[in-house]
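# Structural features, examined
These are the residues of each chain, in order.
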Amino acid sequence: MNETRNPGAGKICPLVKRPHASCHCANLTSSSAEAAIYFCGGHFDECEIFSRHSSQLKNRVK
């Protein structure tokens, strides 16, 4: 079997520390938990929310 390596695997989404209001982890509910675990927990490169806001990461003060 030929597996595709996920570049974000094993990493937490950079937006988790300071999420946008639309982030899966911002208003965690039972209906959003599965998406939060999947996208925020290592597949953020596939996340539409991350794609929209990742350019703003450079402008954020740490």
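Preceding this paragraph is the structure being described.
Below: a short report on this structure. (Residues numbered from 1 in each chain as written. Predicted model: local features only at pLDDT ≥ 70, side-chain atom pairs only at ≥ 80, totals over all residues. Heavy atoms only, no water.)

## Remarks on the overall build of the protein chain
Along its length, the protein chain carries two helices and zero strands. Put simply, the protein chain has 62 residues, and 24% of those count as buried. Counted over contacts in the protein chain with a minimum sequence separation of 6, partners at least 24 positions apart contribute 66%. Within the structure as shown, the protein chain displays about 4800 Å² of accessible surface, and the carbon and sulfur contribution to it stands at 55%. (Helix = DSSP H or I, 4+ residues; strand = E, 2+ residues; numbered from the N terminus. Buried < 20%, exposed > 50% of the residue type's maximum accessible area, 1.4 Å probe, protein only. Contact = heavy atoms within 4.5 Å. Areas by Shrake-Rupley, 256 points an atom, 1.4 Å probe, with all protein chains shown as cover.)

## Focus on the pattern of salt bridges
Tallying each qualifying case throughout the model produces one salt bridge. When the shortest N-O distance is used, the salt bridge between Glu-48 and Arg-52 registers 3.1 Å. Taken together, the residues span about one helical turn, with Glu-48 and Arg-52 both in helix H2 (residues 48-53) at a distance of four residues. Residue class for Glu-48 comes out exposed when judged on its relative accessible area of 58%. Judged by relative accessible area, which is 44%, Arg-52 ranks as partly exposed. (Salt bridge = Lys/Arg side-chain N within 4 Å of Asp/Glu carboxyl O.)

## Some details on the packing of aromatic side chains
On inspection of all chains with the given rule, the structure shows two aromatic pairs. Geometrically, the ring pair formed by Tyr-38 and Phe-39 is edge-to-face, given 5.1 Å between the ring centres and 85° between the ring planes. Given the relative accessible area of 21%, Phe-39 is considered partly exposed. When the ring of Phe-44 is compared with that of Phe-50, the centres are 5.0 Å apart and the planes differ by 70°; the resulting orientation is edge-to-face. Residue Phe-50 is classed as buried on the basis of its relative accessible area, which comes to 14%. (Phe/Tyr/Trp six-rings, centres within 6.5 Å; stacked < 30°, edge-to-face > 60°.)

## Structural notes on the side chain of His-53
Note on placement: His-53 falls in helix H2. With residues up to four places along the chain from it excluded, the contact list for His-53 reads Leu-15, His-20 and Ser-22.

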